[in-house]
Amino acid sequence: MQVELNVNGEQASLMLDARQTLLDALRVQLGLTGTKLGCNQGVCGACTVLIDGKPARSCLVLAAGCGGRKIVTIEGIADGAKSSAVQQAFIETGAVQCGYCTPGMILTAEALLRKRKRPGLDEIREAMSGNLCRCSGYAKIIDAVKLASERVPA
Amino acid sequence: MSAQSPANAVGQGVPRLEVREKVFGQAQYVDDMVRPRMLHGAVLGSPIPHGRIKSFDKSRALALPGVKAVIVGPELPAHHLGAFIKDETALAREKVRYIGDPVAAVAAVDLATARKALGLIDIEYEELPAVFDVDEAQKPGAPLLHENYEKYVKVYPAEFSGRNVLTISTVSEGNVDQAWAQCDVIVEGVYESPAQAHAYLETNGALAEFDAAGKVTVWSCTQSIFKMQAAISEALGLPMAKIRAIATRVGGGFGGKSEPGTQIIAVMLAQATGRPVKVILSRDEDFTMMRVRHPAKVRVKTGAKKDGTLVAREFDAVYDAGAYADESPGVVGFGVLMARGPYRVPHVKSVGRGVYTNKLRTGAFRGFGNPQTAFASEANLDDLAAKLGMDPLDLRLKNAMRPGDTWVGGQKVEACGLVECLEKLRKQSDWDKRRNSPAPAKPGKKRGIGVACLSHISGVLATSAIVRLLEDGSFSLNTGAVDIGQGSDTTLAQICAGSLRVPLERVNLVNPDTDASPYNWGTGASRVTYTVGRAVASASDSVAEQIKQRASIIFECAPADLELREGGMVGVKGVPGKVLPYGAVAGFSHFVVGGPIIGTTALMFDGPGFDPKRALLRGVPFSNLGAYVFGAQAVEIEIDEVTGKVEVIEAWSAHDVGKAINPQSVEGQIQGGVVQGIGYALTESVEWDGGRVVNPTFMDYKIPGALDVPYAIHPIIVEHPEASGPFGAKGVGEPGLIGVGPAIRNAIAHAVGVRLSVMPFSAERVWTAMRGAA
């Protein structure tokens, strides 16, 4: 079926199989490979994207149902070559190791900071708890979100 | 190496070289790659735990539109491979030995078609009795997994028995049997640890493509491009000159990507179809086909004098190797070599056996046998402290190795910061207060703190580096070492930049490629910073000497009168104005005299080995391992009195790293290791039922999330320079995980008085033990 998707502010008209996930459409049809497949079960969060500003597991969302909704992937976060506050904080705090969970982590953090300007430490831990990381031990990821939140104008 | 390094090179927590591509979503992992006319591959695992392949029929699978090739194990020639014992083939040929054992593979136009075709391959098996337990497997009459075991090629002097025991390692020093009489207190226990899954976020995958000349390029997530090149050659009989292995970005490895994943299968399918083929495992396939950490059952007996002086240690371990040897001989050998731990114990006897069972193979995993050893030894030591009535930290401090002490077998250890680790741990964790008069726990909880020490190695085997001065005064650094996410690219570039006194931006790190890179055994054994770093520092020093030699021609002076200056300049000592940028020296070398400036170093770890006059070492694949590293870890926990659930509320992890080249990366390794250790201790265990893995998903196999671990995990960096290391550095990749299990176990004992002997310490297990003790 033909579906109009709005991804990172651009319209794309895609021919989709009804069973196709949003993750698959993004990666295979649009070549947006920054969104990762980790478990294909909605547990690990590596495939997190924003749908109408809310974090969603793109491996559990059918692409055909996303017509008319605004989708943002990791490729749509920066302003050209200028990193977002969250991206910049991830760079500076050492929050990135293998990098496979990073796109999902950043999108989850972006969604949190759009909702809450100055989240506390426990709020950050809670918000990030649906995204698994096997490398970092989480401390530096939490530091990154905290640093980014402090830089967002109140 | 110059004593003073540029501000942004050695010792600074500079951001990763590749970090921007990772936060922008541009990092290319193997599944992100697409090649023209690329096909997708899928792998069929055995449905039974043990059986003989009687016949097969692939006609139904081939008839499915879109299927381009189907390969079944019995069609392959008998090429065997294996890191230590050549007991595997690319696909199972005659027998299948575990549920999930790869037996056939398909290439098709898309993944869905390839997966569908797997179900259309008809294979008839004669099912054989299977054995899943290491004790059962060693009994007379138990089913044999490898009837031809004795004929397999082994790359070390293996010792084994006929009953599924594939390797026996023995290490002994002094005379344990006579030593028990000198002991006032003896404590013995049996400690069991689970099969931990690597659970890297990126599953195994590879993409292979042949060119018209018959040379194959293989992109994959691997810990060693050189091991992949060799393994593909061995498995398929292709000459190594026809195999080019390239590392993509790697989404975590932890040992699980040291040996082949799907590389060999991708090459076979590409060969059969003449088209590029990508084979990426799904999460459950990765869980059921690849490898996990060895479950181990360890008996430990330790004897001491009344004052706590350790006298003797006996250690007897059985490791479940699963269906194939993989890295078991190394893991078992290393596990027994670590049995004494970082203590002065004159009498030691340590034996380990690796046993085949009809389960997933077990292999390298962060710690390489040492986490199992540390759990048993450090739990046993805590029990000894309790029996002696001593503070467990004091007992460790009393017996800790000091600089100049020897490892089992006589290797002298000059750099050893264990005492400082323990002292800093005591201070920063406020040990004495938390141990003796802890703050009250939350209502309904019990609180405790526990400690464990660890020792490990950093080193092993061969490596090399090439440093080349470019015309503009920058450098290219080429080692072939794969950064699997731990940050070694940055650390190595810092070592190069620091040695040559240039800003980090002036070093270009070459992506690992067997067509271009010099040899590197692999990313593992906490070796890249130390071993590859040594090669980088040495090659950089050679470049520095050549720069001075060429500049001496220009300045008409002796090379000894010249010095490197900050920012990439060479100048005459004592004459500030007499100076040339490296670019000028490079131009002179490239176009006038001498030729390009290239420094190369190739080395094999060359530290002191085992002294056969002093101790006995049998069936161990290595006797010369690397630089020893030391650490001490403490955790504070709370236990829910109603459910038995254990929560780690704070952790401290002190490590002697020699020198932290990049402290931010060192902290990341420590914190990540501690959290993987918390998972190992509390929730992670691959479980089997009738040979079938019952929890092959992240839904059922629980790795820690952000709320399952404390934010307060304090890395404590101790720096006792290792003379042989680059800038004094040694490794820290594995140690963070090693002592966490026993530290938690010992904290549980402190909190509620139960001394657990089986990991993980699930709520059920803790609750049951608490009930039993009450």
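On a predicted model such as this, the values are computed, not experimentally measured, just so you know.

1. Some remarks on the overall build of chain A
Reasoning step 1: Of the regular secondary structure elements, chain A holds 5 helices and 5 strands.
Reasoning step 2: Overall, chain A shows an N-to-C arrangement of helices and strands of β-β-α-β-β-β-α-α-α-α.
Reasoning step 3: Of all intrachain contacts in chain A linking residues separated by at least 6 positions in sequence, the fraction that spans at least 24 positions is 60%.

2. Side note on the overall build of chain B
Reasoning step 1: If you tally the helices and strands in chain B, you get 20 helices and 29 strands.
Reasoning step 2: Its C-alpha atoms give chain B a radius of gyration of 27 Å, near enough to 28 Å, the size a compact globule of 774 residues would have.
Reasoning step 3: Dimensions along the principal axes, computed over C-alpha positions, put chain B at roughly 85 × 75 × 55 Å.
Reasoning step 4: For chain B, with 774 residues in total, the buried portion stands at 61%.
Reasoning step 5: For chain B, long-range pairs separated by at least 24 residues make up 80% of all intrachain contacts whose partners lie at least 6 apart in sequence.

3. Observations regarding the domain arrangement of chain B
Residues and elements named next belong to chain B.
Reasoning step 1: Domain boundaries assigned for chain B yield domain 1 (33-128 + 204-280), domain 2 (296-459 + 610-773) and domain 3 (461-604).
Reasoning step 2: Using C-alpha coordinates to define each centre, domain 1 is positioned 39 Å away from domain 3.
Reasoning step 3: At the junction of the two partners, domain 1 supplies 17 residues and domain 3 supplies 15 residues.
Reasoning step 4: For the side of domain 1 that touches domain 3, the elements supplying multiple residues, two or more each, are helix H6 (225-236) and strand E11 (243-247).
Reasoning step 5: For the side of domain 1 that touches domain 3, the residue count by class is 6 nonpolar, 8 polar and 3 charged.

4. Focus: the environment of Trp219 of chain B
Residues and elements named next belong to chain B.
Reasoning step 1: Examined against the element boundaries, Trp219 turns out to sit in strand E10 (residues 216-220).
Reasoning step 2: As a C-alpha pair, Trp219 and Arg20 span 199 residues in sequence and 22 Å in three-dimensional space.
Reasoning step 3: Residues in contact with Trp219, not counting those within four places in the same chain, are Val30, Met33, Ala206, Leu207, Ile246 and Thr248.

5. Section: the sheet that holds strand E4 (residues 54-57) of chain A
Residues and elements named next belong to chain A.
Reasoning step 1: A sheet is described by the order of its strands in space; here 5 strands give the open sequence E2-E1-E5-E3-E4, paired in mixed fashion. Where the open sheet ends on each side, the last strands, each with one partner, are strand E2 (10-15) and E4. On average, each strand axis in the sheet is inclined to that of its neighbour by 40°, with strand direction left out of account.
Reasoning step 2: Seen against the sheet, helix H3 (residues 102-115) touches strand E3 (48-51) and E4 and runs at an angle of roughly 35° to E3.

6. A short note on the domain arrangement of chain A
Residue and element names in this part refer to chain A.
Reasoning step 1: We note that the domain assignment places domain 1 (2-76) and domain 2 (85-151) within chain A.
Reasoning step 2: Summarising the inter-unit geometry, the C-alpha centres of domain 1 and domain 2 are found 21 Å apart.
Reasoning step 3: If you look at the interface, domain 1 gives 14 residues, while domain 2 gives 13 residues.
Reasoning step 4: Elements that contribute at least two residues to the side of domain 1 that touches domain 2 include exactly E3 and E4.
Reasoning step 5: The biggest single contributor to the side of domain 1 that touches domain 2 is E3, with 3 residues.
Reasoning step 6: Per-class residue counts for the side of domain 1 that touches domain 2 are 7 nonpolar, 5 polar and 2 charged.

7. Quick word on helix H10 (residues 370-388) of chain B
Residues and elements named next belong to chain B.
Reasoning step 1: Taking 1.5 Å as the rise per residue, H10 with 19 residues should run 27 Å; its terminal C-alpha atoms sit 26 Å apart, in good agreement.
Reasoning step 2: Burial runs high along H10: 16 of the 19 residues are buried.
Reasoning step 3: Backbone geometry just downstream of H10 places Gly389 in the positive-phi region, at approximately 70°.

8. With respect to the sheet that holds strand E22 (residues 579-581) of chain B
Residues and elements named next belong to chain B.
Reasoning step 1: An order of E20-E21-E22 is seen for the 3 strands of this open sheet, with the pairing classed as antiparallel. If you trace the sheet from one side to the other, it starts and ends with strand E20 (562-565) and E22, each paired once. Ignoring strand direction, the axes of neighbouring strands in this sheet form an average angle of 25°.
Reasoning step 2: Here 3 bridges tie strand E21 (residues 569-572) to E22, and the two strands are oriented antiparallel to one another. Its bridge partner lying in E22, Met569 is registered against Pro581.

9. Description of the environment of Asn662 of chain B
Residue and element names in this part refer to chain B.
Reasoning step 1: Secondary-structure assignment places Asn662 in the loop between strand E26 (646-656) and helix H17 (663-682).
Reasoning step 2: Taking the C-beta count within 10 Å as the criterion, Asn662 has 27 such neighbours and is therefore assigned buried.
Reasoning step 3: When neighbours within four sequence positions are excluded, Asn662 is seen to be in contact with Gln12, Gly13, Val14, Gly487, Thr490, Thr491 and Gln494.

10. Brief notes about the interface of chain A and chain B
Reasoning step 1: Each partner contributes residues to the interface: chain A has 43 residues there, and chain B has 45 residues.
Reasoning step 2: Here the side of chain A that touches chain B is built from residues that sort into 22 nonpolar, 15 polar and 6 charged.

11. Comments concerning unusual backbone geometry
Residue and element names in this part refer to chain B.
Reasoning step 1: The step from Met759 to Pro760 runs through a cis peptide bond, and the omega angle for that step is -5°.
Reasoning step 2: Tracing the sequence through the fold places Pro760 in the loop between helix H19 (740-752) and helix H20 (763-773).
Reasoning step 3: Positioned with a positive phi, Ala199 is a non-glycine residue whose angle comes to about 50°.
Reasoning step 4: If you trace the backbone, Ala199 turns up in the loop between strand E8 (185-193) and strand E9 (205-210).
Reasoning step 5: Classification of Ala199 by C-beta neighbours within 10 Å gives buried; the count is 26.
Reasoning step 6: With a phi angle near 50°, Phe368 is a residue other than glycine that sits in the positive phi range.
Reasoning step 7: Examined against the element boundaries, Phe368 turns out to sit in the loop between strand E15 (347-356) and H10.
Reasoning step 8: Since 29 C-beta atoms lie within 10 Å of it, Phe368 is described here as buried.

Rules and cut-offs
- Residues numbered from 1 in each chain as written.
- Chains lettered and ligands numbered in written order.
- Predicted model: local features only at pLDDT ≥ 70, side-chain atom pairs only at ≥ 80, totals over all residues.
- Helix = DSSP H or I, 4+ residues; strand = E, 2+ residues; numbered from the N terminus.
- Contact = placed C-beta atoms within 7 Å.
- Rg over C-alpha atoms; globule rule 2.2 N^0.38 Å.
- Buried ≥ 20, exposed ≤ 12 C-beta atoms within 10 Å, placed from the backbone.
- Domains from an automatic or database assignment.
- Nonpolar A, V, L, I, M, F, W, Y, C, P; charged D, E, K, R; others polar.
- Pairing = 2+ DSSP bridges.
- Axes fitted to C-alpha atoms, helices over the stretch in contact; angles between N-to-C directions.
- Expected span 1.5 Å × (residues − 1).

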